[in-house]
Amino acid sequence: MPSNDRPLSGKIALVTGAGRGIGKAIAIGYANAGAAVCCVARTRSDLDQAVAEIRNNGGTAISVQADVTDYASIVRAFETASREFGGIDIVVVNAGGNYDDSHDIESGSPEEWANTVQVNLIGSYHTAHAAIPHLKTRGAGKIIAIGSGLGHRGRPGESAYASAKAGLSMLVRVLAQELWQHNISVNELIPGPVLTERVARTFADRPDSVFQIDSEWIKTPEDVVPIALFLATQPPKGPTGQTFSLMRRDP
């Protein structure tokens, strides 16, 4: 039985984009809470470091190198996790990126715009599509998609990322409608501004960014873990099709 300090004991989680940043922090947090975790990302060195940190702390983890834009590779990741651990209960749809950052629509690259949508929206669809049969087999489950406030309000120069995250937000709602009868909840988690290494480089000289707003909560990746743990521990009849935000203003 799960204990209060290890509420995910007996659960299996798969986290995409688990090699660094928010995904890595959630993977470690879930392992500390008792879950067996499959860490999925593109970069082998990042995966090895994440799994080593979990195991060195007494947790259980494996890694699978996969690209969410390649449907076959993400299917293999789920198959590997299910075979290794006996099933999958929790899926964190976290892998993403912004290849068209700070470009307005007129001056931006159509290829970079499409690549941003591919990883954030199509990659999320691939992950959810591959996850559903495994969650149904368990009789219940959780899909937690890492969204963005930009998907709800937009910002000049961020059309690709904002459009992709807006699509992800709607994907969450439709998935929730389709899966509630199977006791599978699907929710969106909006971290708000998180000062990862990549984000720090991107926004260092952006006075209009949320990182320059005194009233906003500038988080570390670890600050996102408690709400990710909250969503993972809700009952099967708990919230679904909802957005949970850590921002201090409307997303």
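Structure: see above.
All of these numbers come straight from a predicted model, not from anything done at the bench.

Asker: Please give an account of the overall build of the protein chain that cites residues and values.
Answerer: A count of helical and extended segments in the protein chain gives eight helices and seven strands. Relative to its 251 residues, the protein chain shows a buried fraction of 52%. Relative to all contacts within the protein chain whose residues are 6 or more apart in sequence, the contacts with residues 24 or more apart total 72%. By element, 51% of the accessible surface of the protein chain is carried by carbon and sulfur atoms, the whole surface being about 11500 Å².

Asker: Tell me what's going on with unusual backbone geometry, and back it up with residues and numbers.
Answerer: Glycine aside, negative phi is the norm for most residues, and most peptide bonds take the trans geometry. Phi is positive for Asn-183, which is not a glycine, with a value near 60°. Of note, Asn-183 is situated in the loop between helix H6 (159-179) and strand S6 (184-190).

Asker: Could you give me a rundown of the pattern of salt bridges, with the residues and numbers involved?
Answerer: Once their charged atoms are close, side chains differing in charge can pair, the charge on each being opposite to the other. Applying the stated rule across the entire model yields six salt bridges. Linking Asp-46 and Arg-20 is a salt bridge whose minimum nitrogen-to-oxygen distance equals 2.5 Å. Within this pair, whereas Asp-46 is found in helix H2 (residues 44-56), its partner Arg-20 is found in the loop between strand S1 (12-16) and helix H1 (21-32), the two being separated by 26 residues in sequence. By relative accessible area, which is 15% here, Asp-46 ends up buried.

Asker: For the packing of helix H3 (residues 71-85) against helix H4 (residues 110-138), give the residues involved together with the corresponding values.
Answerer: Running from amino to carboxyl end, H3 crosses H4 at an angle of 30°, the nearest separation of the two axes being 9 Å. Considering only the axes of H3 and H4, their crossing is right-handed. Listed contacts from H4 to Tyr-71, Ile-74, Val-75, Phe-78, Glu-79 and Ser-82 of H3 are His-126, Thr-127, His-129, Ala-130, Ala-131 and His-134. Here the residues of the contact of H3 with H4 are counted per class, giving six nonpolar, five polar and one charged.

Asker: Mind laying out the environment of Val-37, listing which residues take part and the relevant values?
Answerer: By the secondary structure assignment, Val-37 is in strand S2 (residues 36-41). Judged by its relative accessible area of 0%, Val-37 is buried. For the pair Val-37 and Ile-88, spaced 51 residues apart in sequence, the C-alpha to C-alpha distance is 9.3 Å. Dropping the residues within four chain positions of it, Val-37 is found in contact with Ala-13, Val-15, Ala-27, Tyr-30, Ala-31, Thr-60, Ala-61, Ile-62 and Phe-85.

Asker: An account of the pairing of strand S3 (residues 60-65) is requested, with residue identities and associated values reported.
Answerer: When S2 meets S3, the two strands line up parallel, connected through six bridges. Across the sheet, the residue bridging to Cys-39 is Ser-63, located in S3. As for the winding sense of the linkage, the β-α-β connection from S2 through H2 to S3 is right-handed.

Asker: Please give an account of the sheet that holds S3 that cites residues and values.
Answerer: Spatially, seven strands are ordered S3-S2-S1-S4-S5-S6-S7 in an open sheet, and the strand pairing comes out parallel. Both outer strands of the open sheet, S3 and strand S7 (243-245), are each paired with one neighbouring strand and no more. Going from strand to strand, the sheet's axes swing by 20° on average, the running direction of each strand aside. Sitting on the sheet, H4 touches S1, strand S4 (90-93), strand S5 (141-146) and S6, and the angle it makes with S4 is about 175°.

Asker: Help me get a handle on the pairing of S4, residues and values and all.
Answerer: Burial of S4 is two-sided: the residues Ile-90 and Val-92 facing one way and the residues Val-91 and Val-93 facing the other way are all buried. Bridge count between S1 and S4: three bridges; the pairing is parallel. Residue Leu-14 lies in a different strand from S4, and its bridge partner there is Val-91.

Asker: Please give an account of the side chain of Glu-188 that cites residues and values.
Answerer: Along the chain, Glu-188 falls in strand S6. A relative accessible area of 0% places Glu-188 in the buried class. A polar atom in the side chain of Glu-188 sits 3.2 Å from the side chain of His-152.

Asker: Just give me the short version of H1, but keep the residues and values in it.
Answerer: Each α-helix winds once per 3.6 residues, and so residues spaced three or four apart point in a common direction. For H1, with twelve residues, the first-to-last C-alpha span of 17 Å sits near the 16 Å given by 1.5 Å per residue. Within the span of H1, buried status applies to Ile-22, Gly-23, Lys-24, Ala-25, Ile-26, Ala-27, Gly-29, Tyr-30 and Ala-31. Phi turns positive, to about 110°, at Gly-34, one or two residues after H1.

The rules behind the values
Residues numbered from 1 in each chain as written. Predicted model: local features only at pLDDT ≥ 70, side-chain atom pairs only at ≥ 80, totals over all residues. Heavy atoms only, no water. Helix = DSSP H or I, 4+ residues; strand = E, 2+ residues; numbered from the N terminus. Buried < 20%, exposed > 50% of the residue type's maximum accessible area, 1.4 Å probe, protein only. Contact = heavy atoms within 4.5 Å. Areas by Shrake-Rupley, 256 points an atom, 1.4 Å probe, with all protein chains shown as cover. Salt bridge = Lys/Arg side-chain N within 4 Å of Asp/Glu carboxyl O. Axes fitted to C-alpha atoms, helices over the stretch in contact; angles between N-to-C directions. Left-handed = near helix turned anticlockwise from the far one by under 90°. Nonpolar A, V, L, I, M, F, W, Y, C, P; charged D, E, K, R; others polar. Pairing = 2+ DSSP bridges. Right-handed = clockwise from strand over helix to strand, strands pointing away. Polar contact = N/O pair within 3.5 Å; in protein donor to acceptor, adjacent residues only side chain to side chain. Expected span 1.5 Å × (residues − 1).

Function-wise, these values are silent; they only describe arrangement.
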